[in-house]
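Each chain is listed here by its residues.
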Amino acid sequence: MATIYYTGCTLDGFIATDDHSLDWLTSRDIDEDGPMAYPAFSERTGACVMGANTWQWILDHDEDPWGPKPTWVVTHREFAPTQQVRFTDDDVREVHAQMSEVADGKDLWIVGGGELVGQFHDAGLLDEVWLQYAPVTLGSGARVLPRHVELRLEEVARNRDFLCGRYSVVR
Ligand SMILES: NC(=O)c1ccc[n+]([C@@H]2O[C@H](COP(=O)([O-])OP(=O)(O)OC[C@H]3O[C@@H](n4cnc5c(N)ncnc54)[C@H](OP(=O)(O)O)[C@@H]3O)[C@@H](O)[C@H]2O)c1
């Protein structure tokens, strides 16, 4: 079971614009059956975790916000209760333990944002980073991983518009 940060990002290391837009990402061409695409990745994960702004983006953009995957949202806010989603301000170690219990041996997906991923890394709980680089720069926005994290490149592929890299965390 690995704990994986899987996300699309820009060439200059952002995962959203300053006002939380993902238009630069969702407008790109990707083969959903191609290398490192989301459907196959999702299959191998048994639980996911995200921060409050990411959850808010999902609420704002999807009629059916999330599939059947057990989901943790770390937040101090009051969100409307949703099936399959647990809202918590527990330490990420505790969240990780809870996720591991329900994931049935599958991988754990950290959706983002970057600071939350950094909290998992600080706790020694981040194993891999999978990045899909869109052919664009933004100049500013939400940073992909605002920490010094040493990584080893394990796999690289092209999926239509995207340069895809799979990295392991060097401890
Ligand atoms: N490109 C992609 O594929 C991709 C992937 C993921 C996200 N995104 C986007 O990137 C942006 C990320 O936003 P963001 O960087 O602000 O990150 P975020 O992690 O989504 O949200 C940060 C907020 O989560 C809460 N939080 C984080 N850690 C916490 C903890 N340990 N305990 C309790 N609450 C905690 C805090 O809000 P409160 O204290 O107010 O609750 C914090 O301000 C969003 O626009 C999202 O849609 C893009």
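Every value quoted in this text rests on a predicted model; they were computed, and no experiment measured them.

Reading the values: the criteria
- Residues numbered from 1 in each chain as written.
- Predicted model: local features only at pLDDT ≥ 70, side-chain atom pairs only at ≥ 80, totals over all residues.
- Heavy atoms only, no water.
- Disulfide = S-S within 2.5 Å.
- Buried < 20%, exposed > 50% of the residue type's maximum accessible area, 1.4 Å probe, protein only.
- Near = heavy atom within 4 Å.
- Polar contact = N/O pair within 3.5 Å; in protein donor to acceptor, adjacent residues only side chain to side chain.
- Areas by Shrake-Rupley, 256 points an atom, 1.4 Å probe, with all protein chains shown as cover.
- Helix = DSSP H or I, 4+ residues; strand = E, 2+ residues; numbered from the N terminus.
- Nonpolar A, V, L, I, M, F, W, Y, C, P; charged D, E, K, R; others polar.
- Pairing = 2+ DSSP bridges.
- Axes fitted to C-alpha atoms, helices over the stretch in contact; angles between N-to-C directions.
- Phe/Tyr/Trp six-rings, centres within 6.5 Å; stacked < 30°, edge-to-face > 60°.
- Contact = heavy atoms within 4.5 Å.
- Core = buried A, V, L, I, M, F, W, Y, C linked by side-chain atoms within 4.5 Å.
- Patch = residues over 30% accessible without salt bridge, like charges linked within 9 Å, V, L, I, M, F, W, Y side chains within 5 Å.
- Salt bridge = Lys/Arg side-chain N within 4 Å of Asp/Glu carboxyl O.
- Parallel < 35°, antiparallel > 145°, perpendicular 65-115°, else oblique.

A. Just the state of the cysteines, in detail. Counted according to the given criterion, the structure contains 0 disulfides. Free cysteine: Cys-48, not disulfide-bonded; nearest cysteine sulfur from Cys-9 at 19 Å. Residue Cys-48 is classed as buried on the basis of its relative accessible area of 0%.

B. Fine view of the site of the ligand. Within the structure, the ligand sits among 21 residues, and His-20, Asn-53, Thr-54, Thr-75 and His-76 are positioned closest to it. In this structure, an oxygen atom belonging to the ligand sits 2.6 Å away from a side-chain N or O atom of Thr-54. Gly-113 has a polar backbone atom sitting 2.8 Å from an oxygen atom of the ligand. Burial of the ligand by the protein chains amounts to 80% of its free accessible area of 920 Å². Counting only elements with at least two residues in the shell around the ligand, the list comes to β1 (3-9), β2 (14-16), α3 (52-61) and β6 (107-112). Of the residues assigned to the shell around the ligand, the class counts are 9 nonpolar, 11 polar and 1 charged.

C. The arrangement of the sheet that holds strand β10 (residues 162-169) in detail. Spatially, the 8 strands line up as an open sheet ordered β5-β4-β3-β6-β1-β7-β10-β9, and their pairing is mixed. Each edge of the open sheet is held by one strand with a lone partner, namely β5 (85-88) and β9 (151-159). The sheet shows a mean angle of 20 degrees between the axes of neighbouring strands, direction not considered. Of the strand pairs in this sheet, strand β4 (residues 71-74) and β5 are connected by 4 bridges, and their pairing is parallel.

D. Quick peek at the packing of aromatic side chains. In this structure the tally under the stated criterion is 9 aromatic pairs. Centroid distance Phe-79 to Phe-87: 5.5 Å. Interplanar angle 20 degrees. Geometry classified as stacked. Judged by relative accessible area, which is 13%, Phe-79 ranks as buried. Feature note: the residues Tyr-6, Tyr-38, Phe-41, Trp-109 and Trp-130 constitute an aromatic cluster, connected by ring pairs.

E. View of helix α5 (residues 114-122). Within the span of α5, buried status applies to Gly-114, Leu-116, Val-117, Gly-118 and Phe-120. Gly-124 lies just past α5 and shows a positive phi near 75 degrees.

F. Region of interest: the environment of Phe-41. Mapped onto the elements of the fold, Phe-41 is located in helix α2 (residues 38-43). Residues Phe-41 and Asp-107, 66 residues apart in the sequence, show an inter-C-alpha distance of 9.4 Å. For Phe-41, the residues in contact, after removing those within four places along its chain, are Ile-4, Tyr-6, Trp-109 and Trp-130.

G. Representation of the nonpolar core within the structure. Counting residues in hydrophobic clusters, the biggest one holds 26 residues, and the most contacted among them are Tyr-5, Val-49, Phe-120, Leu-126 and Leu-145. Among the elements of the structure, β1, β3 (45-51), β4, α4 (92-102), β6, α5, β7 (128-133) and β10 are those that each provide at least two residues to this core. Here Leu-126 is in contact with Thr-3, Tyr-5, Ile-110, Val-117, Phe-120, His-121, Leu-145, Val-169 and Arg-171, once residues within four sequence places are set aside. Leu-22, Val-73, Trp-130 and Ala-157 belong to the second largest nonpolar core, which has 24 residues in total.

H. Main features of a nonpolar patch on the surface. There is a patch of nonpolar side chains on the surface, built from Leu-153, Val-156 and Leu-163 and spanning about 290 Å² of accessible area. Structurally, Val-156 can be placed in strand β9.

I. Representation of the packing of α4 against α5 in the model. Interhelical geometry of α4 versus α5 gives an angle of 85 degrees and a closest axis separation of 9 Å. The pairing of α4 with α5 is recorded here as roughly perpendicular in orientation. Residues Val-92, Val-95 and His-96 of α4 touch α5, and the partners they reach there are Leu-116, Gln-119 and Phe-120.

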